[in-house]
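Descriptive structure summary
Below are the chains, spelled out letter by letter.
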Amino acid sequence: FAAQRHVLTYMEDAVSQLLENREDISQYGIARFFTEYFNSVRQGTHILFREFSFVQATPHNRASFLRTFWRCFRTVGKNGGKYSSICWYLLTAQEYHCLLQLLCPDFPMELTQKAARIVLMDDAMDCLMSFSDFLFAFQIQFYYSEFLESVAVIYQDLLAGKNPNTVIVPTSSSAQHRQRQPPNDCNPLEGVEASLFYQCLESLCDRSKYSCPPSPLVKEMLTNAQRMTFYGFLVALAKDQGINRALGALPDKEDLFLDPVMDQELEKLVAQVSGLSMSGPPSSSGDTASVPVRNSPKINSPWKPLHHRRKMDAESEGSNEETDSSEN
């Protein structure tokens, strides 16, 4: 169970953060730090602003990153956004990459480009894409990246008439030195025999230690076609709602711009801002007693670890004291 859930990965990361910030953590205790750390892992907020090596380290991290990216930027593609007077419908690969880097500063451009090619089917990286098209293509490319690397090798071997059983599944170390070469899918009538392609993929899924799409769904997808190209396969994966549900990170496409929990939080924020704007300005005499004081409830933000929040709270309290003394 520990290996399946990657418990050791999270324990090592927690201890690393504990040692790195031991002076701050000592103020409120190690037990509280571990409690908050694993609560963030359970909630999926632990990947925010972390390095890419950690974001991709486990399937849970990848799913959490996909869910966070969707929740943060779903209004980018929302028609008639409720909380914004400006709605963007289409963005380029570079612009989507900038959004990804807001959550993971060192996110590699290569993954963004590969996801864009699933949508665009060519190297025109300056073309525009809808949020939903890019998101579902990115989900497949990011979550199943090692699987797709092996699929590309199998596809090339089938085109060349080689025995695909000799394909070696790439490891994390070998993947750094070997980049996937886009298979030649210029002629849509070409490709490989779908049934043989599935047999190779089934064997790959059985021996791979990385995440793979459910074999029954892949079989259903390929049995409906006689021949299949590599990018045709990627597009089919991205559009298959059964695979999306099995992965469990994103809602169905028709519910992509619905998030009741986030909408409720936004409504609360809008109500608070509206209440502040309706409050009268201070009188000219400088007497601030007539201005109503709003005591907003303190919300535990998931965006920063506990020690970061305590540090920010201390700085905020200090600035408030300076303001109070200056007014007096």
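Further up the page is the structure itself.
No experiment lies behind these values; they were computed from the predicted model shown.

**Description of the overall build of the chain**
Summing up its helical and strand segments, the chain has 16 helices and four strands in all. A buried classification covers 40% of the 328 residues belonging to the chain. If you sum the accessible surface of the chain, you get close to 19000 Å²; carbon and sulfur atoms cover 53% of it.

**Description of the environment of Ile154**
As for its position among the elements, Ile154 is in helix H9 (residues 145-159). Along the sequence, Ile154 and Pro164 sit ten residues apart, while their C-alpha atoms lie 5.7 Å from each other.

**What to know about the pattern of salt bridges**
A full pass over the atoms with the stated rule returns seven salt bridges. Between Glu146 and Arg62 there is a salt bridge, with the nearest N and O atoms lying 2.8 Å from each other. Taken together, the residues Glu146 in helix H9 and Arg62 in helix H5 (residues 59-73) connect sequence positions 84 residues apart. Pair check on accessibility: Glu146 and Arg62 agree, each one buried. The partner of Asp252 in a salt bridge is Arg245, with the nearest N and O atoms 3.2 Å apart. Through salt bridges with shared partners, one network takes in Asp13, Arg50 and Glu51.

**Looking at the nonpolar core**
Core analysis: the largest hydrophobic core is formed by 75 residues, its most contacted members being Phe65, Phe197 and Phe233. Top contributing element to this core by residue count: helix H8 (residues 131-143), with nine residues. Aside from chain neighbours lying at most four places away, what touches Phe197 is Val151, Ile154, Tyr155, Leu158, Val192, Leu222, Met228 and Phe233.

**With respect to the packing of H5 against helix H6 (residues 93-103)**
Two elements in contact, H5 and H6, have axes separated by 11 Å at closest approach and are oriented at 115 degrees. Here H5 lies roughly perpendicular to H6, going by the angle between them. Once H5 is placed against H6, the crossing between them reads as right-handed. Contacts between H5 and H6 involve Phe65, Thr68, Phe69, Cys72 and Phe73 from the first element and Leu99, Leu100, Leu102 and Leu103 from the second. Residue composition of the contact of H5 with H6, by class: eight nonpolar, one polar and no charged.

**Re the environment of Leu201**
Position of Leu201 among the secondary structure elements: in helix H11 (residues 194-207). Judged by relative accessible area, Leu201 falls into the buried class, the value being 1%.

**Brief notes about the environment of Arg117**
Assignment of secondary structure puts Arg117 in helix H7 (residues 109-120). On a C-alpha basis, the gap between Arg117 and Phe138 in space is 9.9 Å, while along the polypeptide they are 21 residues apart.

**Describing a nonpolar patch on the surface**
Side chains of Val7, Leu8, Met11, Val15 and Leu19 sit close together on the surface and give an oily, nonpolar patch of about 400 Å² of accessible area. Residue class for Leu8 comes out exposed when judged on its relative accessible area of 58%.

**Thoughts on helix H1 (residues 7-20)**
With 14 residues, H1 extends 20 Å between its outermost C-alpha atoms, agreeing within 8% with the 20 Å of an ideal straight helix rising 1.5 Å per residue. Among the residues making up H1, those that are buried are Tyr10, Asp13, Ala14, Gln17 and Leu18. Taken down its axis, H1 places every buried residue within 140 degrees of arc, on the same side. More than 90 degrees from the buried face of H1, the exposed residues found are Leu8, Glu12 and Glu20.

**Concerning the packing of aromatic side chains**
This model, assessed by the stated rule, comprises 22 aromatic pairs. Here Phe52 and Phe142 contribute two aromatic rings whose centre-to-centre distance is 6.4 Å and whose plane-to-plane angle is 45 degrees, an arrangement assigned as tilted. Here the residue Phe52 occupies a position in helix H4 (residues 52-55), and Phe142 occupies one in helix H8, the gap between them amounting to 90 residues. The pair formed by Phe52 and Phe142 is uniform in burial state, with each residue classed as buried. With 6.4 Å between their ring centres and 70 degrees between their planes, Tyr144 and Phe147 make a pair best called edge-to-face. Per residue, the accessibility class of Tyr144 equals that of Phe147, and both read buried. Aromatic ring contacts, followed pair by pair, group Phe52, Phe65, Phe69, Phe73, Tyr96, Phe107, Phe131, Phe134, Phe138, Phe142 and Phe257 into a single cluster. Taking NZ or CZ as reference, Arg50 lies 4.0 Å from the ring centre of Phe54, over its face.

The rules behind the values
- Residues numbered from 1 in each chain as written.
- Predicted model: local features only at pLDDT ≥ 70, side-chain atom pairs only at ≥ 80, totals over all residues.
- Heavy atoms only, no water.
- Helix = DSSP H or I, 4+ residues; strand = E, 2+ residues; numbered from the N terminus.
- Buried < 20%, exposed > 50% of the residue type's maximum accessible area, 1.4 Å probe, protein only.
- Areas by Shrake-Rupley, 256 points an atom, 1.4 Å probe, with all protein chains shown as cover.
- Salt bridge = Lys/Arg side-chain N within 4 Å of Asp/Glu carboxyl O.
- Core = buried A, V, L, I, M, F, W, Y, C linked by side-chain atoms within 4.5 Å.
- Contact = heavy atoms within 4.5 Å.
- Axes fitted to C-alpha atoms, helices over the stretch in contact; angles between N-to-C directions.
- Parallel < 35°, antiparallel > 145°, perpendicular 65-115°, else oblique.
- Left-handed = near helix turned anticlockwise from the far one by under 90°.
- Nonpolar A, V, L, I, M, F, W, Y, C, P; charged D, E, K, R; others polar.
- Patch = residues over 30% accessible without salt bridge, like charges linked within 9 Å, V, L, I, M, F, W, Y side chains within 5 Å.
- Expected span 1.5 Å × (residues − 1).
- Arc of directions from axis to C-beta.
- Phe/Tyr/Trp six-rings, centres within 6.5 Å; stacked < 30°, edge-to-face > 60°.
- Lys NZ or Arg CZ within 6 Å of the ring centre and 35° of its normal.

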